[in-house]
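This is what each chain is made of:
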Amino acid sequence: MPSYDYDIGIIGGGAAGLTVAAGAAQLGAKTLLIEKEKELGGDCLHFGCVPSKTLIRSAQVRHLMKVSREFGLPSVELPPVDYAEVRKRIQSVIRTIQAHDSEERFCSLGAKVVFGSPVFSDDHAVKVERQTYTARRWVIATGSSPAAPPFEGLSDTPFLTNKDIFSLYRLPESMIILGAGPVAAEMAQAFCRLGMEVHVVQRSSQILSKEDKDMADVVLEALRSEGVRFHLNATVQHISSHGENSQVVVVKQEDGASLSLRAEKILVAMGREPNIMDLGLEGIDVELDRKGLKVDDRLRTNLKHIYGAGDVTGAYQFTHAAGYEGGIVVSNAVFHLPRRVDYTWLPWCTYSDPELASIGLNEKRAKEAGLVYTVWSESFKGNDRGLAAGEGIGKIKMLLDEKENPLGVQIVGPDAGELLNEWVAALNGKVKLSRLASAVHPYPTLGEINKKVVGAYFSPKIFSDKVRKGLRYFFQLKGRACG
Ligand SMILES: Cc1cc2nc3c(=O)[nH]c(=O)nc-3n(C[C@H](O)[C@H](O)[C@H](O)COP(=O)(O)OP(=O)(O)OC[C@H]3O[C@@H](n4cnc5c(N)ncnc54)[C@H](O)[C@@H]3O)c2cc1C
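We now turn to the structure provided with this report.

## Considerations on the pattern of salt bridges
- If you walk through the whole model with that rule in mind, you get 20 salt bridges.
- Residue Asp43 pairs with Arg272 through a salt bridge whose shortest N-O separation is 2.7 Å. Taken together, the residues Asp43 in helix α2 (residues 42–46) and Arg272 in strand β15 (residues 272–274) connect sequence positions 229 residues apart.
- Among the salt bridges present, the one from Arg170 reaches Glu264, with a minimum N-O distance of 2.3 Å. Here Arg170 is found in the loop between β7 (144–146) and β8 (174–178), whereas its partner Glu264 is found in the loop between β13 (258–263) and β14 (265–268), with 94 residues between them in sequence.
- A relative accessible area of 46% means that Arg170 is categorised as partly exposed.
- Each of Asp212, Asp214, Glu363, Lys395 and Lys397 takes part in a single network of salt bridges with overlapping partners.

As structure tokens, then:
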């Protein structure tokens, strides 16, 4: 049997790679982790989830100050935002979390961390500068980068992506955001709340296009009401730069007319590209597909000892998906337990205000799958806590299949991501809807909406004419006392 330096080698120190490294090292596998940047943590920590959610919180606080009168409080004079201070806060949160993702921590778990850019020299060996490292199994967890669409003029125009938006020193006065997915929606609202003029350009008629339109429209209207200017059904025709702080995007609108948008900055948020370049994958014949690294349901590439996990496979580009996939790789590659990915109950959330959270199938995906379903819905207008908090916007939708089993749940509303966690537990635990309906929820909480939507499904059954007739017959009930 050939001998290798390491049992497992991992390329990429983000959510997926760190999960594999921590799991493998703690299980006693001789583990190597190679990261090309100077620090571990990946996009989520440095340019994604953490800075975006920190920014969103600062923007939310400013927004609450702005609308203080709606809460019966005096209005507040708001000076312009000093973005350098917001940036400082973002950096301090990143630094705090960085400690958990440090080289020292991984070394203490037993993994060797190497910083540099590896290239496969054969299917068991990589070279980092002049040093060769061999491993019995490899995991490619190199994540993704912002995609730059081939718009005319974009390559000659300075633009921002998630890589630089959180480290600006000054808040630009205006920004045109290309794309209307989760990153675009979150950033549009946050920057608008911080006092920036924000335009969002989207080719289709809907934002957050993976979601059901009625749910996404709740977010759209909320953002519009706060001042974000949406240009839907708008095709980018040309982009040009007129100096450092003056960029122009010309779009063709639905009616065929051209519209010229001018702003200080352009933010490109139009999807992601897998980081598969410069690894020497072509030299070892690892197969790729349209989305990235091609893997089977045990996350093995066509070379069964090389695995892929996280954004690089292009499946579900979320930190929790990357972590989940990292766990699947540990099972297969270290435990030798054949475990397959199952995304049936993979949840996600867009952290706009209101948030839009989803688990399982929504109507779009149920229709695509040709499924027959019913929809049960409840509005936050009927949620006492929501009303008390001034958060009466949004709704929950529960989809049931023909046998009345849950297909999925979507929530648009306050803290929707947190509210979805009850469904994460219930659906993974195969909890019966009757259990959820009879469980006592604390009052007043936003979470009561979860129980209420299940109640909406049971009500017509419990209070049916048949049940009432039966009760009247057996217990001689006298019926209505009024009206
Ligand atoms: C603005 C923004 C907000 C987001 N918010 C959320 C959110 O709220 N919730 C959520 O779940 N997801 C969110 N995401 C998505 C999330 O960041 C990614 O899904 C997650 O980081 C994927 O983890 P990963 O391990 O696959 O990749 P990464 O975390 O990007 O890690 C990949 C690592 O590989 C390294 N690398 C790349 N190439 C090489 C190479 N050739 N050699 C060695 N190392 C290499 C990179 O430097 C990086 O450290 C957000 C993304 C963005 C852009």
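## Details of the pairing of strand β12 (residues 247–252)
- Two strands pair when backbone bridges link them, and strand β11 (residues 235–241) and β12 are joined in this way by 6 bridges, in the antiparallel orientation. Considered in β12, the bridge of Ser241 is made with Gln247.
- Here β12 pairs with β13 via 6 bridges, running antiparallel. When the sheet's bridge partners are listed, Lys252 is paired in β13 with Ser258.
- In this structure, the hairpin formed by β12 and β13 is closed by a connection of 5 residues, where Gly256 is found at a positive phi of approximately 95°.

## A word on the side chain of Glu211
- Take Glu211: it is sitting in the loop between β9 (197–201) and α7 (213–226).
- Put simply, Glu211 is tucked away with no salt bridge, and the nearest opposite charge, on Arg365, sits 5.0 Å away.
- Leaving out residues up to four positions away in the same chain, Glu211 has contacts with Gln206, Ala216, Trp348, Leu356, Ser358, Asn362 and Lys364.

## Here's the deal with the sheet that holds β12
- A sheet is described by the order of its strands in space; here 3 strands give the open sequence β11-β12-β13, paired in antiparallel fashion. The open sheet has two free edges, formed respectively by β11 and β13, since each of these has just one partner strand. Taken pair by pair, the neighbouring strands of this sheet meet at an average axis angle of 20°, ignoring direction.

## Here we look at the packing of helix α1 (residues 15–26) against helix α8 (residues 319–335)
- Two elements in contact, α1 and α8, have axes separated by 7 Å at closest approach and are oriented at 35°. Considering the relative orientation of α1 and α8, their crossing is right-handed. Residue-level inspection shows Ala15, Ala16, Thr19, Val20, Gly23 and Ala24 of α1 in contact with α8, the latter providing Thr319, Ala322, Gly323, Gly326, Gly327, Val329, Val330 and Val334.

## Describing α7
- Compared with an ideal rise of 1.5 Å per residue, which puts 14 residues at 20 Å, α7 spans 20 Å between its outermost C-alpha atoms and is within 8% of the ideal.
- Turning to α7, its buried residues are Met215, Ala216, Val218, Val219, Leu220, Ala222 and Leu223.
- For α7, the elements touching its buried residues are α6 (182–193), β10 (229–231), β18 (355–360), β20 (395–401) and β21 (406–413).
- Downstream of α7 by one or two residues, Gly227 has phi in the positive range, about 115°.

## Considering the side chain of Glu325
- In this structure, Glu325 sits in helix α8.
- Buried charge Glu325 goes without a salt bridge, the closest partner of opposite sign being Lys291 at 9.3 Å.
- Leave out the neighbours within four places in its chain, and Glu325 touches Leu299, Ala309, Gly310, Thr313, Ala315, Val341 and Tyr343.

## Focus on the sheet that holds β10
- Taken in spatial order, the 4 strands line up as β10-β9-β8-β14 in an open sheet, and their pairing is parallel. Bordering the open sheet on either side are β10 and β14, each of which pairs with just one other strand. Strand-to-strand twist in this sheet, taken as the mean axis angle between neighbours without regard to direction, amounts to 20°.
- Here 3 bridges tie β9 to β10, and the two strands are oriented parallel to one another. Pairing of Val200 across the sheet is with Phe230, part of β10.
- Contacting β8, β9 and β14, α6 crosses the sheet at an angle of about 160° to β9.

## Remarks on α8
- If you check α8, its first and last C-alpha atoms are 23 Å apart, about what 17 residues at 1.5 Å a residue would give, namely 24 Å.
- Residues Ala321, Ala322, Glu325, Gly326, Ile328, Val329, Val330, Ser331, Asn332 and Ala333 constitute the buried set of α8.
- In this fold, the buried residues of α8 make contact with β1 (6–11), α1, β6 (131–140) and β16 (306–308).
- Taken from the residues just after α8, His336 is the one with a positive phi, measuring 60°.

## Side note on a nonpolar patch on the surface
- Together, Val467, Leu471, Tyr473, Phe474, Phe475 and Leu477 make up an exposed nonpolar region whose accessible area comes to about 660 Å².
- Inspection of the secondary structure assignment puts Leu471 in helix α14 (residues 465–475).

## Let's talk about the environment of Thr301
- Residue placement: Thr301 occurs in the loop between β15 and β16.
- Measuring from C-alpha to C-alpha, the distance between Thr301 and Val139 comes to 9.6 Å, with 162 residues separating the pair along the chain.
- Residues within four places of Thr301 in sequence aside, it is in contact with Val286, Leu293, Lys294, Val295, Ile306, Tyr307 and Gly308.
- Of note is the side chain of Thr301, whose polar atom sits 2.9 Å from the backbone oxygen of Leu303.

## Here's the deal with the site of the ligand
- Close to the ligand lie 35 residues, the nearest being Ala16, Glu35, Lys53, Asp311 and Thr319.
- Contact between the ligand and Ala15: an oxygen atom at 3.0 Å from a main-chain N or O atom of the residue.
- Asp311 places a polar main-chain atom, nitrogen or oxygen, 2.8 Å from an oxygen atom of the ligand.
- Burial of the ligand by the protein chains amounts to 92% of its free accessible area of 990 Å².
- Contributions of two or more residues to the shell around the ligand are made by α1, β2 (31–35), α2, α3 (49–66) and α8.

## A short note on the state of the cysteines
- Here the structure, examined in full by the defined rule, presents 1 disulfide.
- The side chain of Cys44 participates in a disulfide bridge whose partner is Cys49; the two sulfur atoms lie 2.3 Å from each other. With the S-S bond torsion at -135°, the cross-link from Cys44 to Cys49 turns out left-handed.
- Residue class for Cys44 comes out buried when judged on its relative accessible area of 18%.

What counts and how
Residues numbered from 1 in each chain as written. Predicted model: local features only at pLDDT ≥ 70, side-chain atom pairs only at ≥ 80, totals over all residues. Heavy atoms only, no water. Salt bridge = Lys/Arg side-chain N within 4 Å of Asp/Glu carboxyl O. Helix = DSSP H or I, 4+ residues; strand = E, 2+ residues; numbered from the N terminus. Buried < 20%, exposed > 50% of the residue type's maximum accessible area, 1.4 Å probe, protein only. Pairing = 2+ DSSP bridges. Lys, Arg positive; Asp, Glu negative; His and termini not counted. Contact = heavy atoms within 4.5 Å. Axes fitted to C-alpha atoms, helices over the stretch in contact; angles between N-to-C directions. Left-handed = near helix turned anticlockwise from the far one by under 90°. Expected span 1.5 Å × (residues − 1). Patch = residues over 30% accessible without salt bridge, like charges linked within 9 Å, V, L, I, M, F, W, Y side chains within 5 Å. Areas by Shrake-Rupley, 256 points an atom, 1.4 Å probe, with all protein chains shown as cover. Polar contact = N/O pair within 3.5 Å; in protein donor to acceptor, adjacent residues only side chain to side chain. Near = heavy atom within 4 Å. Disulfide = S-S within 2.5 Å.

Such coordinate-based values are descriptive only and should not be taken to indicate function.
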